[in-house]
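# Close look at the chain arrangement
Now for the letters of each chain:
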Amino acid sequence: MRASLIQMHVDPAEPVNSRRERAGSLIRERASSDLVVLPELWPVGAFAFETFADQAEPCEGPTHQAMSQAARDAGVWLHAGSFVERAPDGTLYNTSLVFSPDGALAASYRKIHRFGFDKGEAVLMGAGDTPVMVPLPDTTLGLATCYDLRFPELFRQLVDAGAQTLVIPAGWPARRRAHWSLLARARAVENQSYVLACGTAGTNGGVEQAGHSVVVDPWGEVLAEAGPYEEVLTVDLDPAKVAKTRADFPALRDRVLGLDTP
Ligand SMILES: O=C(O)CCC(=O)C(=O)O
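Residue numbers run consecutively from 1 along every chain, following the written order of its sequence. At least 70 in pLDDT is required for a residue's local features to be given in this predicted model, at least 80 for side-chain atom pairs to be given and counted, and no such filter applies to totals for whole chains, interfaces and linings, which use all residues. The side-chain numbers reported here are obtained from all heavy atoms of the structure, hydrogens and water having been left aside.

What follows is about the sheet that holds strand β14 (residues 231–236). The criterion for strand pairing is that DSSP finds at least two bridges linking the strands in question. Comment: elements are numbered from the N terminus, with helices defined as DSSP H or I runs of at least four residues and strands as E runs of at least two. What the six strands build is an open sheet, ordered β5-β4-β3-β2-β1-β14; its pairing is mixed. Lying at the two open borders of the sheet, with one neighbouring strand each, are β5 (105–110) and β14. Averaged over all neighbouring strand pairs, the angle between strand axes comes to 20°, with direction disregarded. Here strand β3 (residues 77–86) pairs with strand β4 (residues 92–99) via seven bridges, running antiparallel. Paired with Val84 across the bridge in β4 is Asn94. Together, β3, β4 and β5 form the strand contacts of helix α3 (residues 62–74), whose direction differs from that of β4 by roughly 15°. Between the N-to-C directions of two axes lies an angle of 0 to 180 degrees, each axis being a line fitted to C-alpha atoms and, for a helix, fitted only over the stretch in contact. In this description, contact between two residues means that some pair of their heavy atoms is separated by no more than 4.5 Å.

Structural data, given as structure tokens:
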């Protein structure tokens with residue numbers, strides 16, 4: 001199974017429409033992949049809070065349409081990263097979309113853990129409350145977004161429900177790049193799963209982005225890692241490696257659940 005992670009440069013000087021077209025072209029260039037992944041909030045920039053309300057789209061807005069078309073043209077499964085969704089009641093969400101190769105929407109996921117403590121996304125957006133998985137022909141995706149990476153219980157829940165490949169679009173800041181790399185590997189090792197973690201390059205909202213998108217295998221080996229600039233990582237994954245790792249080193253089986261609270 002061939003996966004491509006498109007680490008886009010997100011620059012507020014580039015109009016959103018141009019970036020959307022550019023994303024479509026980059027996806028079409030990856031027609032030889034089975035799965036293509038984009039980062040978090042690439043249309044607007046994860047820290048460009050002042051633009052969220054203006055750039056918010058209904059679920060079936062321009063980003064949905066452009067990504068559906070690109071998935072169909074390329075004939076790939078597309079995790080289209082996330083965009084600012086405006087729900088019918090007016091609430092904004094950080095929403096990821098996954099399309100099947102015929103361009104149909106296979107799943108959407110509203111980010112559960114909003115980043116910013118008492119500012120930014122945490123106050124501007126609503127929180128999702130539903131973990132989401134997507135069955136592909138060769139693997140099952142478990143979805144998470146950026147700050148979710150810090151919450152291992154979400155990933156464990158996804159894995160318990162059958163996830164084998166954890167996909168994490170992000171707009172992770174450069175100053176915490178060490179956490180990003182460490183946590184991506186940790187989630188792969190502890191869950192004996194592939195991790196596809198796709199960030200952005202550039203600076204938005206005054207926050208320099210980490211880049212350094214990474215693909216980690218179920219043993220924790222880094223199969224590919226991007227630098228700080230726009231870049232596409234393409235990696236061949238062996239879906240059977242998940243079951244093999246879990247059988248050869250059955251740590252997931254050895255969990256002890258339901259201990260008393262000390
Ligand atoms: O957890 C972090 O350090 C970064 C999270 C973040 O930037 C986000 O969720 O948008």
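The ligand sits among Glu40, Phe47, Lys111, Phe115, Cys146, Tyr147, Arg150, Gly171, Trp172, Pro173 and Arg176. Interatomic distance of 3.5 Å between a side-chain N/O atom of Glu40 and an oxygen atom of the ligand. Here a polar contact is taken to be a pair of N or O atoms separated by no more than 3.5 Å, where protein atoms must pair a possible hydrogen donor with a possible acceptor and residues adjacent in sequence count only if both atoms sit in side chains. Within the side chain of Arg150, one N or O atom sits 2.6 Å away from an oxygen atom of the ligand. Note on areas: these come from Shrake-Rupley sampling with a 1.4 Å probe, and a residue is covered only by the protein chains present in the view. The protein chains hide 98% of the 300 Å² of surface that the ligand would expose on its own. Three classes are used, and their members are as follows: Ala, Val, Leu, Ile, Met, Phe, Trp, Tyr, Cys and Pro are nonpolar, Asp, Glu, Lys and Arg are charged, and the others, Gly among them, are polar. Residue composition of the shell around the ligand, by class: six nonpolar, one polar and four charged. Nearness of a residue to a molecule or strand requires only that one of the residue's heavy atoms be within 4 Å of it.

A word on the environment of Lys111. Mapped onto the fold, Lys111 is located in the loop between β5 and α4 (121–124). Each residue gets one of three labels from its accessible area relative to the maximum for its type: buried under 20%, exposed over 50%, partly exposed in between, using a 1.4 Å probe on protein chains only. Classification of Lys111 by relative accessible area gives buried; the value is 2%. Ignoring sequence-local partners within four residues, the contact set of Lys111 consists of Glu40, Asn94, Glu121, Ala127, Gly128, Thr145, Cys146, Tyr147 and Asp148. Among the polar contacts listed, one links the side chain of Lys111 to the side chain of Glu40, at a separation of 2.8 Å. Among the polar contacts made by the side chain of Lys111, one reaches the side chain of Glu121 at a distance of 2.9 Å.

On to the confidence of the model for the protein, then. Regions with low pLDDT carry predicted coordinates that are not meant to be interpreted in detail. Predicted confidence across the protein gives a mean pLDDT of 98, with 100% of residues reaching 70 or more. Among the prediction metrics, the complex's ipTM stands at 0.97, with pTM recorded as 0.98. Per-residue confidence from the prediction method is given by pLDDT, with values spanning 0 to 100.

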